[in-house]
Amino acid sequence: MDPHLIEQIAVAAGMGLIGAIVFAGIGLVSGTDETTTLAPLTLLTVLLGVPPAGVFTFFLAGAVAKHMTHAIPTALLGIPGDTMAMPLLQDANLLRKLGVPHIALRKMVSGGIIAAFIAVPLAILFAVMLAPFGALITETAPWIFLAAAILIAYFSAGRWASVALLVPFVVVILALQSLTAKYDVKLSISYFLGIAIGPLIADLFTVLSPIGRRNMGREKVRQFNLAPDVKGWSGYFPNPFKVLDRSQTRWTLSTAAVSSATFVFSPVAMTVVLGEVVGSRIKHAYHRLTTVLSARNGVTEATYIAEALIPLIAFGLPLSPVAAGPAAPLFNAPPRFTVDAANGQTHNLHNLLNHWEFLGYGMLAVLLAAIVSYPFAMNFARRAALFVSRKVSHEAIIATFVGLIIVISVWEGQLLGLLVILTMGLMGGLLSRIFSFNTGVQFMGYYTAVLSVPAIVKLL
Amino acid sequence: MTSKHQDPPSTPYAEVWGDTVDLRHLAWAICIGIGISVLGYYCASQWLISVVESRQLAHAYAMLAGLAGCIIAGVICAKAFPPKRSVTETEISIDPQWREEVLQELSLQSGGMGSVSDLPPVVAQELKELKLYELFADAERAEHAVAPSR
């Protein structure tokens, strides 16, 4: 074998392992969403000069590992691990009240791992099928982003309000861009980090006001209950095909395959819809609960992978909410990776890795995440949940994230970066709270401002 | 109601970003978070510019130092401020009221409770191991007993 290739694989394996371990840990802490954690750390690997294979494996292993451990707070404590876990919460809570939260967790995690393994090759296959249209897509990129933004806005919970809100939202981004341009500063990560952390910034502003504080005030601390655990297998590495029964495996595989083909819809929406489809086919209530949970977590995983991989491999343009948010540094991390607004030209992982490399490193990433995160989530979930809920205060988590947004924004644009992140965060957080103008739509709004608006202005 | 408007809240707890915090602790935690991470970032960038040849790389390492500062701040805050959660470890499945609630909710779902005779043998076995089989079977019998009288 070519020594260069061996070196590349070794780097990819090392970076993937780091990603899997770090994000398996981060997933335990509820409320840490992918954009605020995966995006900055992936950006860091890009800027530190890690080879493309290493960057890609780091990102994907991190994402898959995090999705497995974020099921732990969701199932055991009834707190959503992040927004992607929201649609799973209700069914998980019912099993928790029946006293079997560990069953909910095992079904979810096993569904997720099976889905991840089939989602990577299928997403790459769909990307290869779409690739012939790549030239057309890149030429008409500004219009496609506009159409995608409107489509994604309409399918968000805010419906027409979200579509209409795109206009003022884009205007504010354009205004901020022209402000920073006056000082020769061009920002990108500050915008989408601001969008992602928006709910926290909006909450912090609200709690400063006496009226807001009255609404958010609580008499007591929150109550959680953790049921005793029962281990259902021997050894360290359980077999996911034994944790799920045959019909659960079948449903997980088929729904994951379907969702691997979709990349513009939000993972949350896909999860809800396909979960309903599965639920309507299962007769007994208990079996329905466990089957829907495994299929839903599989769909979340598969949609997420497809949303990151299909646009990256087929077009090199961040044409989905995941690609525009958590996976953004794979597309755009100046000066190393760039997307040219004017002509849709790209220089990023799309150009640096071929289809076979995407497949090989993608499978390597899922394998590493499975080795690290799956047995951890299955064996130590209860202890991990107990540790996090008893030792890690919410104040500490907020302190870490406030520090993170300030470091990244100051790093990117000094004081201007900080002002942009605060403005975007406050506006995005409030719009999301009041109108359900969710972060996925906001990411697309950002790209509309960057890519579509120059093309529209040219027409006028 | 009026007394509520006049009196400041008796407890300093508030729900921020999905969990309960003590507002005084939160204020301190934010100061610590900003202080350590920004200090780490600036010190590292000053030092790295003189050590690392490439400016771009120095800039990226400074961000790493800043992020390390965030983690350190998080650890300090975790030690200084205890969580505002109460975690109990009782077996709630013993609580018949919870179970009753769940069964009611399940029977109201579209598709209803279903029959244990519809279950594949593996799933029936799983329910027996979890000691939930009888619960569902009883609920089903109760449902059938009610149905004809309607």
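Residues numbered from 1 in each chain as written. Chains lettered and ligands numbered in written order. Predicted model: local features only at pLDDT ≥ 70, side-chain atom pairs only at ≥ 80, totals over all residues.

Further remarks concern the overall build of chain A. Across its full length, chain A carries 22 helices and three strands. Oriented by its inertia axes, the alpha-carbon framework of chain A measures out at about 65 × 65 × 40 Å. Taking all 460 residues of chain A together, 63% fall into the buried category. (Helix = DSSP H or I, 4+ residues; strand = E, 2+ residues; numbered from the N terminus. Buried ≥ 20, exposed ≤ 12 C-beta atoms within 10 Å, placed from the backbone.)

Facing the 71 residues of chain B at the interface are 59 residues of chain A. Counting only elements with at least two residues in the side of chain B that touches chain A, the list comes to strand S1 (13-16), strand S2 (19-22), helix H2 (23-51), helix H3 (55-80), strand S3 (85-88), helix H4 (96-108) and helix H5 (121-129) of chain B. Considering each element in turn, the side of chain B that touches chain A owes the most residues, 13 residues, to H3 of chain B. Here the side of chain B that touches chain A is composed, by residue class, of 43 nonpolar, 18 polar and ten charged. Across four bridges, the pairing between strand S1 (residues 222-225) of chain A and S3 of chain B is parallel. Looking at S3 of chain B, one finds that glutamine 223 of chain A is bridged to serine 86 of chain B. (Contact = placed C-beta atoms within 7 Å. Nonpolar A, V, L, I, M, F, W, Y, C, P; charged D, E, K, R; others polar. Pairing = 2+ DSSP bridges.)

The next point concerns unusual backbone geometry. Residues and elements named next belong to chain A. A cis amide bond links proline 334 with the next residue in sequence, proline 335, at an omega value of 10°. In this fold, proline 335 is placed in the loop between helix H17 (328-331) and strand S2 (338-339). Even without glycine at this site, aspartate 184 takes up a positive phi of about 60°. Note that aspartate 184 resides in the loop between helix H9 (160-182) and helix H10 (189-208).

The next subject is the nonpolar core. Residues Ala119 and Ile398 of chain A are the most contacted members of the largest nonpolar core, which totals 206 residues. For this core, the element with the highest residue contribution is helix H21 (residues 394-435) of chain A, accounting for 18 residues. Shared between two domains, this core holds at least three residues of each, these being domain 1 (2-80) and domain 2 (92-149) of chain B. Sequence-distant contacts of isoleucine 398 of chain A, that is, excluding residues within four places in its chain, are made with Leu200 of chain A together with Val16, Trp17, Leu26, Ala29 and Ile30 of chain B. (Core = buried A, V, L, I, M, F, W, Y, C linked by C-beta atoms within 7 Å. Domains from an automatic or database assignment.)

This next bit is on the packing of helix H13 (residues 246-260) of chain A against helix H14 (residues 267-279) of chain A. Residues and elements named next belong to chain A. Where H13 contacts H14, the two axes come as close as 11 Å, and the packing angle between them is 140°. Handedness of the H13/H14 crossing: right-handed. Packed against H13, whose contacting residues are Trp251, Thr255, Val258 and Ser259, the element H14 presents Met270, Leu274 and Val278 at the interface. Taken together, the residues that form the contact of H13 with H14 break down as five nonpolar, two polar and no charged. (Axes fitted to C-alpha atoms, helices over the stretch in contact; angles between N-to-C directions. Left-handed = near helix turned anticlockwise from the far one by under 90°.)

Residues and elements named next belong to chain A. Here helix H2 (residues 34-47) is 14 residues long and its end C-alpha atoms lie 19 Å apart, about the 20 Å a rise of 1.5 Å per residue gives. Of all 14 residues in H2, 14 are buried, a share of seventy percent or more. Backbone geometry just downstream of H2 places glycine 49 in the positive-phi region, at approximately 85°. (Expected span 1.5 Å × (residues − 1).)

To continue, consider the confidence of the model for chain A. A residue-level look at chain A finds 98% of positions with pLDDT of 70 or above and a mean pLDDT of 89. Mean pLDDT values for the elements of chain A range from 78 in S1 of chain A up to 95 in H9 of chain A. (pLDDT = per-residue confidence, 0-100.)

All names here are of chain B. Here glutamate 100 lies in helix H4. Overall, glutamate 100 belongs to the partly exposed group, with 13 C-beta atoms counted inside 10 Å. When the C-alpha atoms of glutamate 100 and phenylalanine 81 are compared, they prove to be 38 Å apart, with 19 residues separating the residues in sequence.

With that out of the way, let us pick up the packing of helix H8 (residues 141-155) of chain A against H9 of chain A. Residues and elements named next belong to chain A. Relative to each other, H8 and H9 sit at 140°, their axes nearing to 6 Å. Relative to H9, the element H8 is oriented oblique. The handedness of the crossing between H8 and H9 comes out as right-handed. Across from Ala149, Ile150, Ala153 and Tyr154 in H8, the residues of H9 making contact are Ser162, Val163 and Leu166. Tallied by class, residues from the contact of H8 with H9 come to six nonpolar, one polar and no charged. (Parallel < 35°, antiparallel > 145°, perpendicular 65-115°, else oblique.)

Next up on the list: the confidence of the model for chain B. All names here are of chain B. When pLDDT is averaged across chain B, the result is 81; 86% of the residues are at 70 or more. When the elements of chain B are averaged for pLDDT, helix H1 (residues 2-6) gives the smallest value, 43, and H2 the largest, 93. Here residues 1-9 scores under 50 on pLDDT; set against residues more than four positions off or in separate chains, the count is two contacts. Taken together, the chains of this predicted complex give a pTM of 0.88 and an interface ipTM of 0.86.

Attention now moves to the pairing of S2 of chain B. Across a regular strand the side chains alternate sides, sitting on one face of the sheet and then on the other. Residues and elements named next belong to chain B. Of the two faces of S2, the one lined by Asp19 and Val21 and the one lined by Thr20 and Asp22 are each fully buried. Inspection of the sheet shows S1 paired to S2 by four bridges, in the antiparallel sense. Bridging from a neighbouring strand, tyrosine 13 pairs with aspartate 22 of S2. Where S1 folds back onto S2 in an antiparallel hairpin, the turn is made up of two residues, including tryptophan 17, whose phi is positive at roughly 55°.

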